[in-house]
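Architecture at a glance
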Amino acid sequence: MVSKETIEKLRSVTTATLISLLMKKGIKNAVMLGVRPLAPSTPKCVGPAFTMRNIPMREDLAGPEVLADPNYPQRVMLETAPPGSVVVLDCRGEGDNGMVGDLMIARLKVRGVEAFVGDGGVRDAVETAAMQFPVYCKGISPYPSTNRFLAVELQCPIGCGGVAVYPGDIIAGDGDGVVVIPQKMADEIATKGQEAELIETFVKEKLEEGRPMPGTYPPDEKTMKEFEAWKRNR
């Protein structure tokens, strides 16, 4: 389990920095393709994944009435996803079909869930965005989830936006998109991420002062010595 300290460190690191660090560790496929914040005002999020897998709808097995079944995996998810977790749905990339709406988000928000992420669509989009709860999706659609999806399993490995997600992996989302951090790498990435953000802050200051890009970014040995002095005096 990833510590609260690591989660808080990751909150100060952008997804752009996270993916750069993951690529250096050999993890290249960590950005969910096409999964974006529901609205420009969508808050960023960081938390461990609580996963749910959908398969194509089978009309003989389920319809709208399935939502009344408290044992339906979607309904179980709404009541059992832990506070602080990020609910992640495998919707097979169907952004034109709804996967969540404002009522489900209201339940997750009051239960203390960190965020909702999926490669499907969001219905009641205006109302959902107004709730200021982190929702990341592939599109907007008025269709209910039961139009094409059948939820079949919780807390299993899934694919979302073309990325493998295991329960407990750390999900980080901001204005650039959503990154998946393997659980075992989270501590190292968090520590290196904070340092990388400091370096970028220093480099940006120097560029705004008129420094040329060569030698400033990426920082050469001279620039790094200046950075270390700057960091000590902050």
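As a reminder, the structure under discussion sits directly above these lines.
Residues numbered from 1 in each chain as written. Predicted model: local features only at pLDDT ≥ 70, side-chain atom pairs only at ≥ 80, totals over all residues. Heavy atoms only, no water.

Observations regarding the packing of aromatic side chains
Ring pairs (aromatic) are described by centroid distance and by the angle formed between their planes. By the definition in use, this model includes 3 aromatic pairs. Summarising the aromatic geometry, the rings of Phe202 and Trp230 are spaced 5.4 Å apart at their centres and angled 50 degrees between planes, so their arrangement reads as tilted. Of this pair, Phe202 sits in helix H6 (residues 186-208) while Trp230 sits in helix H7 (residues 221-232), and the two are 28 residues apart along the sequence. Given the relative accessible area of 1%, Phe202 is considered buried. Judged by relative accessible area, which is 18%, Trp230 ranks as buried. Grouped by ring-pair contacts, the aromatic residues Phe202, Phe227 and Trp230 constitute a single cluster. (Phe/Tyr/Trp six-rings, centres within 6.5 Å; stacked < 30°, edge-to-face > 60°. Helix = DSSP H or I, 4+ residues; strand = E, 2+ residues; numbered from the N terminus. Buried < 20%, exposed > 50% of the residue type's maximum accessible area, 1.4 Å probe, protein only.)

Observations regarding H6
Spanning 23 residues, H6 covers 32 Å between terminal C-alpha atoms, matching the ideal 33 Å at 1.5 Å per step. For H6, the set of buried residues is Ala186, Ile189, Ala190, Gly193, Ala196, Glu197, Ile199, Phe202, Val203 and Lys206. For H6, the elements touching its buried residues are helix H1 (4-11), helix H2 (15-24), strand E12 (170-174), strand E13 (177-181) and H7. Within two residues after H6, Gly210 carries a phi angle of roughly 110 degrees, on the positive side. (Expected span 1.5 Å × (residues − 1). Contact = heavy atoms within 4.5 Å.)

Overview of the environment of Glu79
Checked against the element boundaries, Glu79 lands in helix H3 (residues 73-80). Of the residues examined, Glu79 reaches a relative accessible area of 43% and is grouped as partly exposed. Ignoring sequence-local partners within four residues, the contact set of Glu79 consists of Arg107 and Arg111.

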